[in-house]
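Structural description and commentary
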Amino acid sequence: MNAFMVWAKDERKRLAQQNPDLHNTELSKMQGQRWKSMVLSEKLLFVREAERLQKRKKQVKRMKRADGGLYPVIPDSAVLNTNGLMAGKYFNQGSSGQNNGQ
């Protein structure tokens with residue numbers, strides 16, 4: 001999530017409450033104009049929050065990879081075929097009906 005998105009999340013709610021008759025497209029235009037008019041010092045809090053969220057997302061992704069969450073769980077009972085590749089119900093069958101090890 002970038003800095004604009006962090007800021008816009010709450011800003012949209014505020015604008016919608018103040019202008020209940022406006023459509024989303026008009027609210028978006030107002031948000032864009034307001035964001036462009038803000039000076040860097042006003043945006044800095046949102047920039048830092050966006051950076052924090054991006055770092056956290058990367059950390060979570062690394063933890064999932066390290067934990068094996070992104071890879072299939074292969075039980076110890078899986079067997080090797082004659083080519084030395086994994087075989088059995090845990091792997092796709094090739095078009096010829098033989099295990100292709102994927």
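Before reading on, note that the structure itself is shown above.
Calculation notes
Residues numbered from 1 in each chain as written. Predicted model: local features only at pLDDT ≥ 70, side-chain atom pairs only at ≥ 80, totals over all residues. Heavy atoms only, no water. Helix = DSSP H or I, 4+ residues; strand = E, 2+ residues; numbered from the N terminus. Expected span 1.5 Å × (residues − 1). Bend = angle between axes of the 7 residues up to and from the residue. Buried < 20%, exposed > 50% of the residue type's maximum accessible area, 1.4 Å probe, protein only. Polar contact = N/O pair within 3.5 Å; in protein donor to acceptor, adjacent residues only side chain to side chain. Axes fitted to C-alpha atoms, helices over the stretch in contact; angles between N-to-C directions. Parallel < 35°, antiparallel > 145°, perpendicular 65-115°, else oblique. Left-handed = near helix turned anticlockwise from the far one by under 90°. Contact = heavy atoms within 4.5 Å.

1. A word on helix 1 (residues 3-18)
Look at helix 1: 23 Å from first C-alpha to last across 16 residues, which is about the 22 Å you get at 1.5 Å a residue. The principal kink in helix 1, of about 35°, is found at Lys 9. Among the residues of helix 1, Ala 3, Val 6, Trp 7, Ala 8, Glu 11 and Leu 15 are the ones counted as buried. The backbone nitrogen of Phe 4 lies 3.1 Å from a side-chain oxygen of the residue at the head of helix 1, namely Asn 2.

2. Focus: the packing of helix 1 against helix 2 (residues 24-37)
Relative to each other, helix 1 and helix 2 sit at 125°, their axes nearing to 10 Å. In terms of their interaxial angle, helix 1 and helix 2 are classed as oblique. Judged by the twist between their axes, the crossing of helix 1 over helix 2 is right-handed. Residue-level contacts link Ala 3, Phe 4, Trp 7, Ala 8, Glu 11, Arg 12, Leu 15 and Ala 16 of helix 1 to Asn 24, Leu 27, Ser 28, Met 30, Gln 31, Gly 32, Arg 34 and Trp 35 of helix 2.

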